[in-house]
Amino acid sequence: EEPQPAHMALTSAAGVLSLLDEDNPQLKIHAIKKLDKMVDNFWSEMANEDAILKIEKLYEDEKFGSRKMAALVASKVFYHLEALDDSLRYALCAGEAFNVSGKTEYVETLLAKCIDEYIRLRIQESESKQKGGAEEKTEPIDPRLISIVDQMFERCYAHHQFEQALGIAVESRRLDQVARCIKMSGDVQKILSYCLKLCKTTVHSRRYRNQLLQVMVQLYKGLKNPDYLNMCQCLLFLNDSESVAATLDKLISGDTDKAVLAYQVAFDLNENQNQPFLLRVRKKLSPEKEGNDKGEDMQVEKPENSSKGSEYEDRLKKLKDILSGKTPTDLYLHFLYTHSKTDLLVLKSIKDRLKPRNTVTHIATVMSHSIMNSGTTIDTFLRDNLQWLAKATNWSKFTATASIGVIHRGHYKESLKLLQPYLPSG
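Residues numbered from 1 in each chain as written. Predicted model: local features only at pLDDT ≥ 70, side-chain atom pairs only at ≥ 80, totals over all residues. Heavy atoms only, no water.

(A) A look at the overall build of the protein. Along its length, the protein carries 24 helices and zero strands. Sorting the 426 residues of the protein into buried and exposed places 40% on the buried side. As presented, the protein carries roughly 25,500 Å² of accessible surface, and 52% of it is formed by carbon and sulfur atoms. (Helix = DSSP H or I, 4+ residues; strand = E, 2+ residues; numbered from the N terminus. Buried < 20%, exposed > 50% of the residue type's maximum accessible area, 1.4 Å probe, protein only. Areas by Shrake-Rupley, 256 points an atom, 1.4 Å probe, with all protein chains shown as cover.)

Structure below.
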């Protein structure tokens, strides 16, 4: 006689579902545990009205010993029916029976739904507080939902998924978890840079963004070797010119490396083109007061070190020139001038072959010259051909004069002097 297989494959859940009608509680508990293992294959049978009602009633029965398991089975059935709201509701009721560490599609989908719902409620709660709306009714956050999100944070920390945890913390406006995630990560500066990127791209609430930036500034200050570049970027977004000025002053008061870093920070700030902010930073850097105070201290204690005062003032002057835009403009102008590869013979050949009365080709040549020499201050071709340039009339004359401005872009000191020959004398 051939031996029977130890396990026969089930083809229906009807037999197990029938156990839910038994009076013996142990049989019902056994049935629920069995259904939990079978639900992925036989959910369609469990989804019929009678079966799902029986499972829901078992959860609602406070005397039933496996209420949470019944809630988990109901959650899985609704998941397969794509009723995610009901599925999430029963998953929350399942408590610890819902294992957030599971790697199944069901768990991952519900966790994503759970996090989205938590973020929505947190944003709603935060915006309500901003409006000062004690009268506004906000939907309370289910403590079980908070518990699952907290478990998600712990899972991310355990698996060193700090960027994922930080993303959830930033979107859900959990500043406590933001600070904790950054501190627990191995590379604090890397995670802080990622947080700054999130702050720029995903955070739309100005008030919350400022709160997040303040947390980041405190974390930057707590580092053994602070990242002054990103820290000052945060202070720029916070519009805190006083702290930026204090940071720059501290750097230029240090050694040469610190002073160079201060210049780099100033260049980065200048690239943001926030002139009112830069002007306030320059005003906070008071050379007279600080320089005199430092000088007096040095004369009393160490007269021979009075040269440090002049070194500080020299560094401060360079720093202010960078913040004002003078140094960047001069460097940019020097680079364009020294790297200009314009071939004036090409322009001369074009000019010689043009018809004298063709206004279109005349102004096209002038504009081509201005674009080729934009910002270089090289206007040799025009100076050598002033009579030819003077042939421009009406709108063409206006465009020709504007082309001079294109060539001398950024050359502010002698702007009127350069344009004087081309402007009307009246």
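(B) Spotlight on helix α5 (residues 84-94). Those residues of α5 not exposed but buried are Ser87, Leu88, Tyr90, Ala91, Leu92, Cys93 and Ala94. Buried positions along α5 lie against α3 (49-60), α4 (67-80), α6 (105-130) and α7 (143-158). Phi turns positive one or two residues past the end of α5, at Gly95, with a value near 60°. (Contact = heavy atoms within 4.5 Å.)

(C) Broad picture of the side chain of Thr376. Within the element layout of this structure, Thr376 appears in the loop between α20 (359-372) and α21 (380-384). Within the local environment of Thr376, its side chain forms a polar contact with the backbone oxygen of Asn373, the two atoms lying 2.7 Å apart. (Polar contact = N/O pair within 3.5 Å; in protein donor to acceptor, adjacent residues only side chain to side chain.)

(D) The arrangement of the confidence of the model for the protein in detail. In this model, the protein carries an average pLDDT of 83, and 88% of its residues clear a pLDDT of 70 or more. Under a pLDDT of 50 for its full length, residues 1-7 has, in the predicted model, zero contacts with residues more than four places off or in other chains. Below pLDDT 50 for its whole length, residues 288-304 participates in 15 contacts with residues either more than four positions away or in separate chains. (pLDDT = per-residue confidence, 0-100.)

(E) Examining the packing of helix α12 (residues 228-237) against helix α14 (residues 256-271) more closely. It is at 10 Å that the axes of α12 and α14 come closest, and there the two elements cross at 40°. Considered as vectors, α12 and α14 are oriented oblique to each other. The two elements α12 and α14 meet at a crossing, and its hand is right-handed. Two secondary-structure elements touch here, α12 through Tyr228, Leu229, Cys232, Gln233 and Leu236 and α14 through Leu261, Gln264, Val265, Asp268 and Leu269. Of the residues in the contact of α12 with α14, the class split is seven nonpolar, two polar and one charged. (Axes fitted to C-alpha atoms, helices over the stretch in contact; angles between N-to-C directions. Parallel < 35°, antiparallel > 145°, perpendicular 65-115°, else oblique. Left-handed = near helix turned anticlockwise from the far one by under 90°. Nonpolar A, V, L, I, M, F, W, Y, C, P; charged D, E, K, R; others polar.)

(F) Representation of the pattern of salt bridges. In this structure the tally under the stated criterion is 19 salt bridges. With its nearest N and O atoms 3.1 Å apart, the salt bridge here joins Asp176 to Arg174. Exposure remark for Asp176: the relative accessible area of 47% places this residue in the partly exposed category. Of the residues examined, Arg174 reaches a relative accessible area of 11% and is grouped as buried. A salt bridge links Lys326 to Asp330, with the nearest nitrogen and oxygen atoms 3.4 Å apart. Taken as a pair, Lys326 and Asp330 lie in helix α18 (residues 326-338) at a separation of four residues, close to a single helical turn. Look at Lys326 and you get partly exposed, because its relative accessible area is 38%. Its relative accessible area of 35% is what places Asp330 among the partly exposed residues. (Salt bridge = Lys/Arg side-chain N within 4 Å of Asp/Glu carboxyl O.)

(G) The packing of aromatic side chains, seen in detail. Throughout the structure, instances matching the rule amount to eight aromatic pairs. With a centroid separation of 6.1 Å and an interplanar angle of 80°, the aromatic rings of Tyr59 and Tyr90 are classed as edge-to-face. Of this pair, Tyr59 sits in helix α3 while Tyr90 sits in helix α5, placing them 31 residues apart in sequence. A single burial state applies to Tyr59 and to Tyr90, both of which are buried. A ring pair is formed by Phe381 and Trp388, whose centres lie 5.9 Å apart and whose planes are at 70°; its orientation type is edge-to-face. For the pair Phe381 and Trp388, a shared accessibility class is recorded, and that class is buried. By way of ring pairs, the aromatic residues Tyr59, Phe78 and Tyr90 are connected into one cluster. Lying over the aromatic face of Tyr59, Arg67 brings its terminal NZ or CZ to 4.7 Å of the ring centre. (Phe/Tyr/Trp six-rings, centres within 6.5 Å; stacked < 30°, edge-to-face > 60°. Lys NZ or Arg CZ within 6 Å of the ring centre and 35° of its normal.)

(H) Molecular detail of the packing of α12 against helix α13 (residues 241-252). The geometry of α12 relative to α13 is characterised by a closest axis approach of 9 Å and an angle of 155° between their N-to-C directions. Taken together, the axes of α12 and α13 are roughly antiparallel relative to one another. For α12 against α13, the interelement crossing comes out left-handed. Across the interface between the two elements, Tyr228, Met231, Cys232 and Leu235 of α12 pack against Ser243, Val244, Thr247, Lys250 and Leu251 of α13. A breakdown of the residues in the contact of α12 with α13 according to their chemical character gives six nonpolar, two polar and one charged.

(I) Layout of the nonpolar core. In this structure, Met46, Phe98, Leu166, Val170, Leu212, Met216 and Leu319 are the most contacted members of the largest nonpolar core, which totals 100 residues. Among the elements that line this core, the one with the most residues is α6, at nine residues. Leaving out residues up to four positions away in the same chain, Leu319 has contacts with Leu248, Ile252, Ala262, Tyr263, Ala266 and Leu285. Counting eleven residues, the second largest nonpolar core, distinct from the first, contains Ile363, Leu382, Trp388 and Ala400. (Core = buried A, V, L, I, M, F, W, Y, C linked by side-chain atoms within 4.5 Å.)

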